[in-house]
Amino acid sequence: MRFQTVRLRSRFQAYRKYATSSRPPIVRITNGTFYRHHPNSHLGGTAPNPPLFPELSFELPSFSSKEHWAIIGPSSSGKTTLLQILGGKHISIPASARSWPYLESAEIEDKDHALRDPARAIKRVGFDGEQGLGGQAPQSAYLSARYESRREDTDFSVLDYLQGNTELNPSHDPVVERQVDTSSLERVIEDLRLGELVDMPVSNLSNGQTRRARIARALLGRPELLLLDEPFMGLDPPTLTTLSPMLRILAEKNEPRLVLALRPQDPIPDWITHLMYLNGSKVQFSGQKAEFLRRLGTYVENPKVSLSMEMPPLHQLKEIGRSLTENGILEPLWTVDVNSTAQKPITLNQSKPKSSILLSRDGYPMEDLEPAEIGEPLIEMEGAKISYGSKIVLGNWRQEVDGQAQDGLWWNVRRGERWGVFGPNGSGKTTILSLICSDHPQTYSLPIRLFGRSRLPEPGKPGISIFDIQSRIGHSSPEIHNHIPRSLTLRQVLENAWSDTFRGVPKLDKTASQRINACLRWFERDLRPGVGADIEGGLGFEAHPDWASDILFGGLPFSAQRIALFLRAVVKQPDIVVLDEAFSGMDEDVRDRCLLFLAHGETKRYSHSSRVQSKDGTKDQYTPTIVESEISKLGKVWVSGLTKDQALICISHVREEIPGSIREWICLPEANTGKSARFGRLNGPIEGDYGRWNDIWGV
């Protein structure tokens with residue numbers, strides 16, 4: 001026993017000596033291979049246990065003002081897994097391959113002995129599959145709870161959340177309970193601009209506000225290393241330009257050190273100096289950002305060149321390499337020739353010959369050829385204004401209507417229209433959707449008509465019930481994702497489109513069952529990884545997807561859950577389709593196929609047989625082309641995409657997630673500015689001219 005004490009003491013003294021001469025890295029991995037279960041355990045032999053990042057080597061300096069890292073890759077490339085490895089999760093083979101030298105130094109011992117434990121010193125904040133504020137704050141019991149003015153005992157404020165006071169029966173164990181330092185709390189609130197939100201219930205926070213609150217909570221734990229997993233997902237451009245400088249200040253002070261995990265479509269902060277690029281669950285590149293972008297630009301100019309790393313298809317590179325600065329988002333110096341990646345012509349009108357018309361990723365002409373057919377109004381708002389006491393959260397402006405200035409929000413949505421709802425985080429976009437779906441209690445008292453009727457009875461006309469409303473609306477949103485029971489099977493999630501509640505019994509007929517089966521078959525390879533049939537090629541269209549009754553929604557990957565909720569919104573072919581950040585968290589390939597399915601259903605699919613020659617003529621590149629599906633040729637289509645009788649309402653802060661059919665748009669002002677909402681109309685898909693995106697945001 002005495003011998004062991006001497007050895008531990010000797011090791012500690014060695015690290016003290018090491019720390020005085022130079023500061024060791026906070027994370028060091030040398031030729032390590034990682035597993036979820038030990039290869040020799042019984043779980044390793046029965047459950048899938050592939051090696052994770054074989055022979056990985058990586059070092060993260062403990063102090064550096066010139067080295068800031070980001071990990072970039074698709075959602076299935078292993079970004080979250082790699083962050084978990086950095087934080088100490090998963091089994092390292094050999095065990096000595098992974099270490100945290102700085103945490104074992106005398107400097108950390110003098111600062112706080114508890115920080116010698118990686119679980120205490122390294123924190124990960126994930127935003128992809130964790131809705132709201134995570135386990136530290138309670139979840140509302142139902143969708144409309146966040147919009148009610150009456151507060152319950154469990155409606156904890158942002159200040160309660162930051163201080164950790166989110167339990168009805170809190171523990172007073174001094175070991176567990178750590179008081180938040182007042183000066184640290186004030187500094188974090190100021191740095192992350194949470195001063196106006198401290199008294200607000202956490203359930204009322206918008207997406208961007210939630211992210212800032214979660215980062216603040218993590219910072220108050222005083223970690224040495226903070227891992228931010230997709231922090232930019234769902235944030236609007238103005239919020240991006242304000243959040244990035246805040247993170248930069250933290251990174252440059254090393255308080256704490258930061259590692260970001262980004263999607264390909266996320267702009268890369270200009271203060272990031274080093275990148276690790278993942279593709280196919282492997283590290284394809286690790287080094288300076290400038291070198292990675294140089295290689296990327298070389299590949300775009302000449303795809304024949306060998307880069308010693310696996311690159312995505314040429315048509316996918318349009319979304320990689322943008323830079324996030326304090327003044328906005330800058331496009332890369334190199335650009336992918338849109339003419340080489342746009343879709344080839346299809347017949348738009350049988351009475352007209354084919355012409356060389358470029359199409360968007362979901363099959364819409366880049367410039368409108370003819371006006372859309374518009375029908376009766378489905379949503380009518382005539383001066384809607386949401387307030388809680390004296391505080392107005394929506395409609396705090398005067399809007400010009402037929403040449404006269406009117407108070408509140410005036411907005412109509414008609415059959416056949418495709419609307420985009422935009423605005424900064426916290427501007428009221430989700431609140432508008434709560435009025436449309438009648439989840440907001442104030443819908444009863446506002447001048448709003450849904451499907452020609454108000455919520456309350458009018459002379460000679462009965463009011464419309466919430467069940468009538470929701471039976472005619474298909475809705476996918478983070479709120480739905482947060483509240484839908486994880487114990488439902490995949491088939492039950494789609495059947496839920498015909499239910500009055502999440503747990504209600506669906507009212508299905510033969511057509512409904514056929515439409516559900518068609519959706520499950522079409523996306524089988526995404527919802528059932530590894531065994532999916534090639535239904536898009538026309539195979540297996542007679543098969544009944546019994547497998548969907550054996551897969552629990554909660555057991556699906558985040559991307560697959562988003563696909564299921566998207567299908568739930570469109571499968572019934574409702575009068576109004578509401579997509580609120582429905583494609584966030586999806587890989588680019590999956591997202592584009594969902595957009596194509598939204599537009600054309602089973603009638604169109606992607607073919608990867610179209611060849612496009614590179615600029616210098618040295619190599620053919622294969623780019624996806626929209627073609628008629630085999631199911632369509634055989635007349636077996638059950639789901640045909642959006643019709644002229646349906647209306648579409650979409651919310652997203654990522655331009656690549658906007659359907660090509662969106663033509664009408666509304667941009668809400670920042671909250672409490674008194675500025676009026678702006679309206680406009682596009683003459684083609686945003687993809688056809690990204691200047692349209694800047695016009696929407698007024699930049």
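Refer to the structure printed above.
These numbers come from a predicted model, not from an experiment. Per chain, the residues get numbers from 1 upward, laid out in the order the sequence is written. The model is predicted, so local features are restricted to residues of pLDDT at least 70 and side-chain atom pairs to those at 80 or more, both for listing and for counting; the totals for chains, interfaces and linings are taken over all residues. Values shown for side chains rest on all heavy atoms present in the structure; no hydrogens or waters enter the calculation.

Describing the nonpolar core
Each nonpolar core is a collection of buried residues, namely Ala, Val, Leu, Ile, Met, Phe, Trp, Tyr and Cys, held together in the definition by side-chain atoms within 4.5 Å. The buried label goes to any residue with under 20% of its type's maximum accessible area, the exposed label to any with over 50%, and the partly exposed label to all in between, with areas taken from a 1.4 Å probe on protein chains only. Core analysis: the largest hydrophobic core is formed by 55 residues, its most contacted members being Leu 490, Leu 527, Phe 566, Leu 567, Leu 579 and Phe 597. Working definition: helices are DSSP H or I runs of at least four residues, strands are E runs of at least two. Numbering for both runs from the N terminus. Looking at this core, the elements with two or more residues in it are α15 (490-495), α16 (510-522), α18 (558-570), β23 (576-580), α19 (588-600), β26 (647-651), β27 (664-667) and α21 (691-697). Per-element tally for this core: the top contributor is α18, with 8 residues. Contacts are assigned to residue pairs with any non-hydrogen atoms lying within 4.5 Å of each other. Those residues in contact with Phe 597, other than ones at most four positions away along the chain, are Cys 519, Trp 522, Phe 523, Phe 566, Leu 567, Val 570, Glu 602, Val 639 and Gly 641. Formed by 46 residues, the second largest nonpolar core is a distinct cluster that contains Val 158, Tyr 161, Ile 189 and Ala 218.

Comments concerning helix α9 (residues 237-253)
If you check α9, its first and last C-alpha atoms are 25 Å apart, about what 17 residues at 1.5 Å a residue would give, namely 24 Å. Regarding α9, the residues found buried are Pro 237, Thr 239, Leu 240, Thr 241, Leu 243, Ser 244, Pro 245, Met 246, Leu 247, Leu 250 and Ala 251. Asn 254 lies just past α9 and shows a positive phi near 60°. A helix is expected to span 1.5 Å multiplied by its residue count minus one.

Some details on the pairing of strand β7 (residues 225-229)
Burial within β7 is extensive, with 5 of its 5 residues counted as buried. Note: two strands are recorded as paired if DSSP finds a minimum of 2 bridges between them. Judged from the 5 bridges that link them, strand β6 (residues 122-126) and β7 form a sheet pairing that is parallel. Within β7, the residue paired with Gly 126 across the bridge is Asp 229. Of the pairings in the sheet, the one linking β7 to strand β8 (residues 257-262) comprises 5 bridges and is parallel in character. By the bridge assignment, Leu 226 is partnered in β8 with Leu 258. On the question of chirality, the crossover connecting β7 to the parallel β8 by way of α9 is right-handed. By the criterion used throughout, a crossover qualifies as right-handed when its path from the first strand across the helix to the second strand runs clockwise, the strands pointing away from the viewer.

Remarks on the sheet that holds strand β14 (residues 377-384)
Spatial strand order, β19-β14-β21: 3 strands in an open sheet with antiparallel pairing. Looking at strand neighbours, the two that pair on one side only are β19 (409-414) and β21 (448-450), the edges of this open sheet. The mean inter-strand angle of the sheet, taken between neighbouring strand axes irrespective of direction, is 5°. Note on geometry: axes are lines fitted to C-alpha atoms, helical ones only across the stretch in contact, with angles between N-to-C directions running from 0 to 180 degrees. Sitting on the sheet, helix α12 (residues 429-436) is in contact with β14, β19 and β21, with an inclination near 120° to β14.

With respect to the environment of Gln 470
Structurally, Gln 470 is set in helix α13 (residues 466-471). For Gln 470, a relative accessible area of 30% translates into the label partly exposed. Separated by 104 residues in the primary sequence, Gln 470 and Pro 574 have C-alpha atoms spaced 9.3 Å apart. Leave out the neighbours within four places in its chain, and Gln 470 touches Cys 437, Asp 439 and Asp 500. Here Cys 437 takes part through its backbone oxygen, which lies 3.1 Å from a polar atom of the side chain of Gln 470. Nitrogen and oxygen atoms within 3.5 Å of one another constitute a polar contact, given that in protein one can donate a hydrogen and the other can accept it, and given that sequence-neighbouring residues count only through two side-chain atoms.

Brief notes about unusual backbone geometry
Of note, the bond from Ile 93 into Pro 94 is cis; its omega dihedral lies within 30 degrees of zero at -5°. Within the secondary structure, Pro 94 is located in the loop between β4 (91-93) and β5 (98-99). Note that the residue after Glu 255, namely Pro 256, is joined by a cis bond; omega there is -5°. Among the secondary structure elements, Pro 256 is positioned in the loop between α9 and β8. The phi angle at Arg 222 is positive, at roughly 50°, despite the residue not being glycine. Tracing the chain through its elements places Arg 222 in the loop between α8 (207-220) and β7. Backbone geometry at Gln 573 places phi at a positive 55°, although glycine is not the residue there. Mapped onto the fold, Gln 573 is located in the loop between α18 and β23.

In short, geometric facts, not functional conclusions.
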